[in-house]
Amino acid sequence: MNDIKTLIMMQLKDKLDLGFIKDKAQLIRKIVFFALRFIIVASLSYALFYVSSFLRIFHNSPFIPTSIMTMLLTIILVISTFASTNDLIKSLYMAEDNQVLVTYPISANRIFLSKIIVFYLYEIYKNFTFTLPIFVAYGLISPVNWFFYIWVFLSFFVVSMIPVVLGVVLSLPGFFIMRFFNRFRVLKILFFIAVLAGFIYLLVRIILLIPSEINVLNYWGPIKVLLSDVTMFFQDYFKPVYYVVLMVVGKYNAAMRYTYLNLDVWLVFISLIGVLAGLFMAAYFVARFLFIKMTSASFEYEKRFRVKALLNRRLPAFLSFVVKELRLIFRSGTFTSNFIATYISIPLFILLINRIFASMDLYPNGQFAVQAFNILIIMLPLLASNSVVATMYSREGRTAYMKRTKPVVVIFPLLAKLLPNIVLSIVSLCVSLYIFNAHMHYVLSNIILLSIALIFIQVGHILFSALLDLMNPQNEQYATAGEQVSNPNETKATIFAFITAFLVALITLGFLVEEQFMPDQSFNYAFLKMLLIGFVFFGASVYMYIEKIKAYYYDRIS
Amino acid sequence: MTHYLSLIIALITASAGALTTSFLARNKNFSLGKKIFAFVLIAVFFTRYISYDDQILNIVSLGAGPFSPAVNFFAYFGIWLELTLVVFLILYPFFKARILTNLIKFVLTPGFVLYLGFSYYSVFLQVIGNTGGTLALSFQSVMFAVEIALVAYGLFLVWRDDHTLKLDKKEILALLIAFVPVLVASLPIYGPQLMFGNANARYEVIDISFVHRLFIYATVIIPLVLYFSLKKKDPELIRLAMIYLSVVTMITFSRVFYYQNFFAPWTWPIHLCNTAMYIIPLVLIFKLDKLFYFTYFINVFGALMAMLMPNYAETTNLTSWVIIQFWYNHSLAFFMPLLLVALKLFPRPKMKQMYYSLIAFSGYFLLVMVLNVWFSNYSPTDFFFINSDFIVDKLGRWAENIFNIAISFNIGDLVFEFHPVYQALFLIVYVGVSFAMWFVYSLGFSIADSLGDLRFRQKKIKLDKYALLAALNGRGIDEPMEENTGVKLELKNFSKRYGKNKDFAVKDASLVVSGGEIFGFLGPNGAGKSTTIKSIVGIQTITEGSISICGYDVEKQPVMAKRLIGYVPDHYALYEKLTAREYVNYIADIYGVTYEERQMRIPHYVSLFHLEDAFDNQIKTFSHGMKQKVTIIAALVHEPKLWLLDEPLTGLDPDSIYQVKECMRQHAAKGNIVMFSSHIIDVVENLCQRIAVIKKGHLFAPLTIDEVHEQGTLEEYYLKMAIHEETPEQKATKEIA
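Please read these numbers as outputs of a predicted model, since none were measured by experiment.

Novice: Explain the overall build of chain B here, please?
Specialist: The secondary structure content of chain B amounts to 27 helices and 13 strands. Taken over the C-alpha trace, chain B has a radius of gyration of 40 Å; the compact-globule value for 737 residues is 27 Å, which it surpasses by more than 25%. Referenced to the eigenvectors of the C-alpha coordinate spread, the extents of chain B come out at roughly 115 × 75 × 60 Å. A burial count over chain B gives 52% of its 737 residues as buried. Counted over contacts in chain B with a minimum sequence separation of 6, partners at least 24 positions apart contribute 74%. On chain B, roughly 33,900 Å² of surface is accessible, and the fraction owed to carbon and sulfur atoms is 64%. A gap of 8 Å separates the mean positions of the 63 positive and 60 negative side-chain charges of chain B.

Novice: When you look at empty space enclosed by the protein in this model, what are you seeing that I'm missing?
Specialist: A probe as big as a water molecule, rolled over the atoms, marks out the empty space that is left. Residue and element names in this part refer to chain A. Evaluation of the coordinates by the stated rule reveals five cavities of 30 Å³ or more. Each pocket or cavity is described by its volume, and for the largest cavity that value is around 100 Å³. Forming the walls of the largest cavity are Y393, S394, A400, Y401, K403, R404, L414, D469, L470, P473, N475 and Y553. For the lining of the largest cavity, the secondary structure elements donating two or more residues are α16 (389-395), α17 (399-403) and α19 (444-471).

Novice: Mind showing me how you'd approach the environment of B:I12 here?
Specialist: By the secondary structure assignment, B:I12 is in helix α1 (residues 2-24). Considering only alpha carbons, one finds B:I12 and B:A152, 140 residues apart in sequence, at a separation of 9.8 Å.

Novice: Mind showing me how you'd approach the sheet that holds strand β7 (residues 552-553) of chain B here?
Specialist: Consider a sheet: its strands pair through backbone hydrogen bonds, and that pairing is either parallel or antiparallel. Residues and elements named next belong to chain B. The strand order across the open sheet built from four strands is β4-β3-β6-β7, with neighbouring strands paired in antiparallel fashion. Looking at which strands have only one partner, the edges of the open sheet turn out to be β4 (506-514) and β7. Across two bridges, strand β6 (residues 544-549) lies against β7 in antiparallel orientation. By the bridge assignment for β7, I549 is matched with Y552. Of the strands in this sheet, β3 (488-496), β4 and β6 are in contact with helix α18 (residues 529-537), which crosses β3 at around 120 degrees.

Novice: I would appreciate a short explanation of the pattern of salt bridges in the present structure.
Specialist: Side chains that carry opposite charge are capable of pairing whenever their charged atoms lie near each other. If you walk through the whole model with that rule in mind, you get 34 salt bridges over all chains. Among the salt bridges present, the one from A:E123 reaches A:K126, with a minimum N-O distance of 3.6 Å. Of this pair, A:E123 and A:K126 both sit in helix α5 (residues 108-129), three residues apart, which is roughly one turn of that helix. On the accessibility criterion, A:K126 (29% relative accessible area) is partly exposed. As a salt-bridge pair, B:R598 and B:D589 come within 2.9 Å of each other at their nearest N and O atoms. The residues B:R598 and B:D589 share a single accessibility class, namely buried. Overlapping salt bridges bring together A:K324, A:E325, A:E396, A:K403 and A:K417 as one network.

Novice: What's the story with the pairing of strand β10 (residues 673-677) of chain B in this structure? I'm lost.
Specialist: In summary, the side chains of a regular strand alternate between the two faces of the sheet. Residue and element names in this part refer to chain B. Burial within β10 is extensive, with five of its five residues counted as buried. Burial of the side chains of β10 extends over both faces: I673, M675 and S677 are buried on one face and V674 and F676 on the other. Across five bridges, strand β9 (residues 642-646) lies against β10 in parallel orientation. Among the inter-strand pairings, L644 is bridged to a residue of β10, identified as M675.

Novice: For this particular structure, what's the right way to read the packing of aromatic side chains?
Specialist: Aromatic rings considered in pairs are described by the distance between their centres and by the relative angle of their planes. Taken as a whole and judged by the stated rule, the model has 85 aromatic pairs over all chains. Over the ring of B:F504 we find B:K507; its NZ or CZ atom is 4.3 Å from the centre of that ring.

Novice: Just checking my understanding: could you explain the interface of chain A and chain B for this structure?
Specialist: Size of an interface, as often reported, equals the accessible area lost when the parts are brought together. Taken together, the 45 residues of chain A in the interface contact 49 residues of chain B. For the pair chain A and chain B, the summed buried surface comes to about 4,600 Å²; carbon and sulfur atoms form 56% of the total. When the buried area of chain A at its contact with chain B is split by residue, A:N312, A:R331 and A:P407 rank highest and sum to 17% of it. Our count for the chain A to chain B interface comes out at two salt bridges.

Rules used in this analysis
- Residues numbered from 1 in each chain as written.
- Chains lettered and ligands numbered in written order.
- Predicted model: local features only at pLDDT ≥ 70, side-chain atom pairs only at ≥ 80, totals over all residues.
- Heavy atoms only, no water.
- Helix = DSSP H or I, 4+ residues; strand = E, 2+ residues; numbered from the N terminus.
- Rg over C-alpha atoms; globule rule 2.2 N^0.38 Å.
- Buried < 20%, exposed > 50% of the residue type's maximum accessible area, 1.4 Å probe, protein only.
- Contact = heavy atoms within 4.5 Å.
- Areas by Shrake-Rupley, 256 points an atom, 1.4 Å probe, with all protein chains shown as cover.
- Lys, Arg positive; Asp, Glu negative; His and termini not counted.
- Charge placed at Lys NZ, Arg CZ, Asp CG, Glu CD.
- 1 Å grid on protein atoms, 1.4 Å probe; cavity = no way out; pocket = protein on both sides within 12 Å on 5 of 7 lines; lining within 4 Å.
- Points joined across faces, edges and corners; volume = space filled by probe spheres on them.
- Pairing = 2+ DSSP bridges.
- Axes fitted to C-alpha atoms, helices over the stretch in contact; angles between N-to-C directions.
- Salt bridge = Lys/Arg side-chain N within 4 Å of Asp/Glu carboxyl O.
- Phe/Tyr/Trp six-rings, centres within 6.5 Å; stacked < 30°, edge-to-face > 60°.
- Lys NZ or Arg CZ within 6 Å of the ring centre and 35° of its normal.
- Buried area = accessible area lost by both parts, 1.4 Å probe.

Dropping the structure here:
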């Protein structure tokens, strides 16, 4: 068993960075942060449960029904299972460390097992920081007995097995699907676009279903029925999860208390362990053969040489930089996920919140608050996504140094790298503001002023983030550790993004509130002032970007 | 009449003093005497200043005074100028600044004459005002007369030191620039209400209204203006300016206090921000570092909060002395500590100083907590707002609930009531915020440093550009610095040091390689080969010396120099997601290679290195050797004059090694330079015409292969130089030892 333990520790150190264990101060800090995180999640959950209990949202009494927990656990388990499957495919069959691990005097079966255990431990860690505090909060608001607080911890060792075992099972077909798509890239792209388009279409349809007038008090009856239907849907159609919830919190008895003195609870427990064990054994015996096959496969990328030679092409230098960047980003997954997560979701969010707010009757100051909130919803993810920009130059690793040897003014290739992000984020911003104005009805000139102001801020922040990377390059780290770099520039860019987004929203709110007392109520000055602020920020960012590159670029060695 | 009589006596006294001084100090500079005079003036001025309750504070416009508006105006203006003059005369013996003397001579002396002319009215406005009555001989009027005598004598001392009436243009300009801020700083707090009235249209200077924001903007803009106008001045002049500003504002701020306040301690200026008005002049005059950091860490935040939430009534008029005094106080308390550090009058603080400040603050907090409850028995007292619901009112009911938790007890007839939870929380929050201030300050310092460094480098870049233009001597910027050099690589006393490292990676290397040569660069690992090559190609900067290619300076004309270089790095650095063709074309685009040229060269090299079948695939699918070949093609696609290769043969198969060597020969045969570093001695021996060995950053003189062979094989020579031969530094160290 010692060899498995060693393997597990080795992999855990890599996955969770366990360096803190040997340092007492760091260990205490980690424990304190872990406890804090636990308390924060539990407190927030408790607050939400309390509000819903107080307002009788889900039940006619203060009671929070088990169906709510079923819904929450279903969502969490589905997400965890998807994540586990994806990670397990990479970790089991495509990981580069397999090549090293198989050279150790340990059987491949044990390596395989160790990898799954590592995943299981990681899942426990995740559940203890997120799912468990929610259940503890549920226990605090519900009529549970003392045994709940012991049992909930123990039961989560079992609950954490679910996504891992399902992940191991699903990783087999997942691997073959992934390989199929890798072989037929066009199909992969088409599939991806189809899923994305379908998802967006579905989302827009759902958002448009929101009634044009929401009066919560008048329609409370139907709304409550709807909420109950939704939660009961989960309880009825995800019965296994419902039973898992029963196993964790116990069953509601005639005395209005949860109790574990019930056969159902223990039957579920035993059945769950049995089913998981069965599933795991089945998956283990099938998947380990694939694992052994993959560890002995060559890790060089499959060479499928194109025989027909293409033509050489000549482009102007700057265009060549841009084309190169476009090729690089569209051939990498990081950009695609960032693109979807941010640039597409922002307009959808804006549509959603404006549909909701449009159907509410608000005071003037409430209207301004909604508009400021819109700006926050647009700017927050947009600016936060620029944290990727703070790693862009460094991600090139040592290749970036070659830029210095080229006979060009270095600002051009550096700027070209930012261009796709700049262009796409501006498009996303403009679409979002178009949706915003479809609900707010400002005159065209004002919305143009606001758009330019926000574009200035967005581009300014992109340049600022890029500069962080240039001034504190991490090329060597990326060259040696690949993507696994804890990049301080990313953190700084994110913090600055949050501050900037909140400030912009706050300033917008201030200007709009102030302007309502103007005689003509045109809000021209408010938007002009926004433009001025945006311009100053943009100007400062451009100046610093150009001047710092001139002054430092050739001096910064990672 | 009595007043003018006093005035004549005062002037006669001053003249007598002046004559005596002139006689006694005929051949001495009389510096001690002048300093004693300054202290006497301080004593007299402050005695006079606190000897009456200034009635001018109650006059709300020029028309509302006891005299005609014109007389009221000149009388008021005289008071303003005389106050400025007194502070200048006090500072005069301690600072040797031309601007100080000139201001006294050319601005404040005429001002004093004006004051004398209207002195009766000035004194009347201050002592009697609108209360009714006449100006009779009193302690106050005597003190005024004594002060006037001293000021007149002080002016004599200044004119005696320098009685010329000539000013050059620069001095006139300086006077004109300094005149306005000097007078603005000493503006009496009642000035605006007297000049512009106090009962007209109301502008609320509260709740972040437009006017309130203007005041806040001014608090930010004024220190910036001061900083940029003073930062390059002499440190003593900066100190003088800051002392003047702090002293004169302390005096105007204190106008509302007079001797009776001594007997009513609940009216003392013990509010945290009020203390700054006295602390700042003290720390500046006596250079009290520890006290300074108290105001730096504690007052700044307090003042900022006070400026955001002023405690005057919202009906208070914009011009009212209440508002002027409040903003004098809080803006100074806010920006002066920051400005003093920015102007380097005090060094940046260390963590330790923050801790001391917090301890002192806790002491202050406890003191005012006790004073508040004690003095409240006599009059409502609320120093630092910890004894009233002023702050909790702004925070809401929850805060009021906390405030309402009170402990009360009696000592004799005195009642002591504390709000322990509120007061403890107040202290904790304030201390917490002070920690946050530390991070804000650190951020500020780092931004300031970074901007300072940027400015320094911008200047250097500018100077380099001027040097280049001078070297080009009227020729175009694209012309080589050295004319008619032909194909040549030249290192002149090149040295490279990394960052702040003390040791040089390469020291004082000189080398010339000419067209047609294949030059080998040998040396053990870490000797400086790659450093030299990276500096030639522009990856790294040059610390000392210069490198030129065909006459183009690599540092000053980088773009032109790099056009002539083809570089193969020691480890391939490629965009792996591009195909080899995309990559090579991308590089060709950068070098501006024509379509025809690339159609000729690319197929040639692709065929030479047997890459036909792979060239249109992504580079990530290539083996190590294939990647190296792509790098070589990319380096040759523009036919460089200088082809530099850093250990190029590593990982190549024998056939490819042969092809690379052939390429080198052919490239050199065209009159170009081929320079490469390698550890494979045989290849270097067979291929190169000349070689150089580098060891621990020292470049030994290059030799031809024939010269090497006179001493044995290249391997023997290399071992001798790289292992046994000592560098100049090693020899020097040995000699010292």
